[in-house]
Structure formats: C-alpha cells, structure tokens
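Summary of structural features
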Amino acid sequence: MQELDEERIELIYLSGVNGNKFNKGNRVQVWIEGGINTSYPGQAKAKEVEEIK
C-alpha cells in the first residue's frame, strides 16, 4: 500500500461509477479502461470498481 503524502491529496474523477454504491470512507480497488488524463484532478473511465473489505 502506498504511503499518503500529507501535503498533497491525490484525486481522480472516475466516469462510469455508480456513486450510490459506495459510502464516504469506503476503500475501493479500481480498474481503469484506457489511460488517465493528467489534469488535476486526473480523469479516467472506470472499467470495474470493487469495495475492499
């Protein structure tokens, strides 16, 4: 697991995700379809999102 940089929060906007399926604070694993746009926040299309239990 990657250690968090307390001075910068990494954000990414994912399209193709049902946001109602997850709650704030849930840990998830994401598979990306294609690449990640390097804007801030980054943007990508989620192929699959699974909650980590």
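Residues numbered from 1 in each chain as written. Predicted model: local features only at pLDDT ≥ 70, side-chain atom pairs only at ≥ 80, totals over all residues. Heavy atoms only, no water.

Side note on the overall build of the protein chain
When helices and strands are tallied, the protein chain shows zero helices and three strands. When the helices and strands of the protein chain are placed in sequence order, the string is β-β-β. Surface exposure of the protein chain reaches about 5100 Å², of which carbon and sulfur atoms provide 47%. (Helix = DSSP H or I, 4+ residues; strand = E, 2+ residues; numbered from the N terminus. Areas by Shrake-Rupley, 256 points an atom, 1.4 Å probe, with all protein chains shown as cover.)

Re the pattern of salt bridges
Counted under the stated rule, the structure contains one salt bridge. The salt bridge partner of Glu33 is Lys45, with a shortest N-O separation of 4.0 Å. Of this pair, Glu33 sits in strand S2 (residues 28-37) while Lys45 sits in strand S3 (residues 42-51), placing them twelve residues apart in sequence. On the basis of relative accessible area, Lys45 is assigned to the partly exposed category, the value being 44%. (Salt bridge = Lys/Arg side-chain N within 4 Å of Asp/Glu carboxyl O. Buried < 20%, exposed > 50% of the residue type's maximum accessible area, 1.4 Å probe, protein only.)

So, the pairing of S3
Here strand S1 (residues 12-15) pairs with S3 via four bridges, running parallel. Following the sheet pairing, Tyr13 is matched in S3 by Gln43. Where S2 lies against S3, seven bridges are found, and the strand directions are antiparallel. Residue Val28 lies in a different strand from S3, and its bridge partner there is Glu51. (Pairing = 2+ DSSP bridges.)

A few points about the sheet that holds S3
Spatial ordering of the open sheet is given by S1-S3-S2, a layout of three strands whose pairing is mixed. Whereas interior strands pair on both sides, the edge strands pair on one side only; in this sheet they are S1 and S2. Each strand axis lies, on average, 50 degrees off the axis of its neighbour in the sheet, ignoring direction. (Axes fitted to C-alpha atoms, helices over the stretch in contact; angles between N-to-C directions.)

Some words on a nonpolar patch on the surface
Judged by side-chain polarity, Ile9, Leu11 and Tyr40 come together as a nonpolar surface patch covering roughly 340 Å² of accessible area. Tracing the sequence through the fold places Tyr40 in the loop between S2 and S3. (Patch = residues over 30% accessible without salt bridge, like charges linked within 9 Å, V, L, I, M, F, W, Y side chains within 5 Å.)

Side note on the environment of Gly35
Take Gly35: it is sitting in strand S2. For Gly35, a relative accessible area of 54% corresponds to the exposed category. Between the alpha carbons of Gly35 and Lys45 there is a distance of 8.2 Å; along the sequence they are ten residues apart.

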